[in-house]
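Residues per chain are reported as follows:
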Amino acid sequence: MKAGNLKVGIINVTGYAGCELVRILRHHPEVEIASVTGRSAAGQPLGQVFPHLDNMEMDITADLCDELDLVFSALPHKASAEACIPLLEQGVKVVDISADFRLKQADVYSQWYGVDHPDPTYLEEAVYGLTELNRDAVADARLVANPGCYPSSAILALAPAIRHGLISGDIIVDSKSGVSGAGRTLSMTTHFSEVNENVMAYSVNGHRHLPEISQELDTMSDSPVNLTFLTHLIPMTRGILSSCYAPLNPDVAQDPDASERIRQLYLDFYADDAFVQVTNAPPQTKQTLGNNHCLVYPVVDSRTNRLIVISCLDNLVKGAAGQAVQNMNLMCGFPEEMSLEALAVYP
Ligand SMILES: NC(=O)c1ccc[n+]([C@@H]2O[C@H](COP(=O)([O-])OP(=O)(O)OC[C@H]3O[C@@H](n4cnc5c(N)ncnc54)[C@H](OP(=O)(O)O)[C@@H]3O)[C@@H](O)[C@H]2O)c1
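Residues numbered from 1 in each chain as written. Predicted model: local features only at pLDDT ≥ 70, side-chain atom pairs only at ≥ 80, totals over all residues.

Asker: Explain the domain arrangement of the protein to me, and be specific about the residues and the numbers.
Answerer: You can read the domains of the protein as domain 1 (6-125) and domain 2 (150-315). Taken over C-alpha atoms, the centre of domain 1 sits 27 Å from the centre of domain 2. Of the residues lining the interface, 9 residues belong to domain 1; the matching set on domain 2 comes to 7 residues. Tallying contributions element by element places helix 4 (residues 106-113) first for the side of domain 1 that touches domain 2, with 3 residues. Each residue belonging to the side of domain 1 that touches domain 2 can be placed in one class, and the counts come to 6 nonpolar, 1 polar and 2 charged. (Domains from an automatic or database assignment. Contact = placed C-beta atoms within 7 Å. Helix = DSSP H or I, 4+ residues; strand = E, 2+ residues; numbered from the N terminus. Nonpolar A, V, L, I, M, F, W, Y, C, P; charged D, E, K, R; others polar.)

This is how it looks when you write it as structure tokens:
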């Protein structure tokens, strides 16, 4: 399928993040989707496997074609690093949607993912691709580690408060996710009859996204953050809602106008970011369904002198494929918003 000049490959198009990349890139004026891979669907036409992708005339293959400029990997962790490293060695730019290049320390990666990293030198090189906070580095990168879906919501919610020294002490991030966050492979916990009309906490002893959120918040803070991160599965398909709580520093808490001041600070912090909106009421996941926005709502609980920040996003767009395209746009010198202008589907 021909369109623009940048030849792009997508590894694991048959997963949720992979096919969402095609949906977003389908009408990108600068991109030609030149190659899409998938293990179980290799040899089948993409438009037959995914009719919602508008009968695209290309086949899913087992391997990528040659001469690609940039590849997105949407494989599970470990398999992703093993696929990306040879591409980097051939000079191909890579945006990895898995967790394989997000953590800077190889021992932390082994501890949380249960495998050794195949080449930790790439952990140093990889740029953490939360575009709003790392724009210059992303633009110069050849390897971008696309953030996790929960971390995107938590870090965007907390970054202004931490950078401006508004909060200290324990931070709690309480997050809820729709079921597509767990991927397309069926498991007992994602089975319809287990999820429908049900809500459950999971990974209570530590979700894999915890070290990623801590790592990134630590880079903004004078002292290491002390984070409690709790995740819940809820009966919807897409979306993440994170409620974040932290004690305000005493000088901030004493200000009777703290709530308004903090809101203005958030508005200023994200003033130049098309995809982060500071809302004037608690945001709802439906307000981001299918688009690349993260909605953020800071408010002060004056009874406890805590800052509360509520954020939401679509885990497959701003939390995965949309963020990856935003990074690609910067890496390739295209306008950051290109092909990402879609509004949310509401209701
Ligand atoms: N889902 C999200 O919201 C989200 C958000 C951010 C990041 N991510 C990350 O993005 C990546 C993809 O996630 P996803 O949710 O799109 O995955 P997914 O829908 O669960 O895709 C899983 C599929 O990957 C294929 N696969 C598994 N192991 C493989 C291997 N070793 N080699 C080749 N193919 C393999 C299998 O496809 P076959 O049936 O064809 O074998 C499997 O069905 C993951 O690393 C995930 O952590 C996901």
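Asker: For the packing of helix 7 (residues 149-163) against helix 9 (residues 209-218), give the residues involved together with the corresponding values.
Answerer: It is at 10 Å that the axes of helix 7 and helix 9 come closest, and there the two elements cross at 25 degrees. With respect to each other, helix 7 and helix 9 are oriented roughly parallel. Viewed along their axes, helix 7 and helix 9 form a crossing whose handedness is right-handed. Contacts from Y150, P151, A154, I155, L158 and I162 of helix 7 reach helix 9 at H209, E212, I213, E216 and L217. For the contact of helix 7 with helix 9, the per-class residue count stands at 8 nonpolar, 1 polar and 2 charged. (Axes fitted to C-alpha atoms, helices over the stretch in contact; angles between N-to-C directions. Parallel < 35°, antiparallel > 145°, perpendicular 65-115°, else oblique. Left-handed = near helix turned anticlockwise from the far one by under 90°.)

Asker: Lay out helix 1 (residues 16-25) with the relevant residues and their values.
Answerer: Counting buried positions over the 10 residues of helix 1 gives 9, a clear majority of the element. Those residues of helix 1 not exposed but buried are Y16, A17, G18, C19, E20, L21, V22, I24 and L25. (Buried ≥ 20, exposed ≤ 12 C-beta atoms within 10 Å, placed from the backbone.)

Asker: Which residues make up the sheet that holds strand 5 (residues 93-96), and what are the values?
Answerer: Spatially, 3-2-1-4-5-7-6 is the arrangement adopted by the 7 strands of the open sheet, whose pairing is parallel. Bordering the open sheet on either side are strand 3 (60-61) and strand 6 (127-128), each of which pairs with just one other strand. Relative to strand 4 (residues 70-73), strand 1 (residues 6-11) runs parallel, the two being bridged by 4 bridges. By the bridge assignment, V8 is partnered in strand 4 with L70. Of the strands in this sheet, strand 4, strand 5 and strand 7 (143-145) touch helix 12 (residues 317-331), which is tilted by about 160 degrees from strand 5. (Pairing = 2+ DSSP bridges.)

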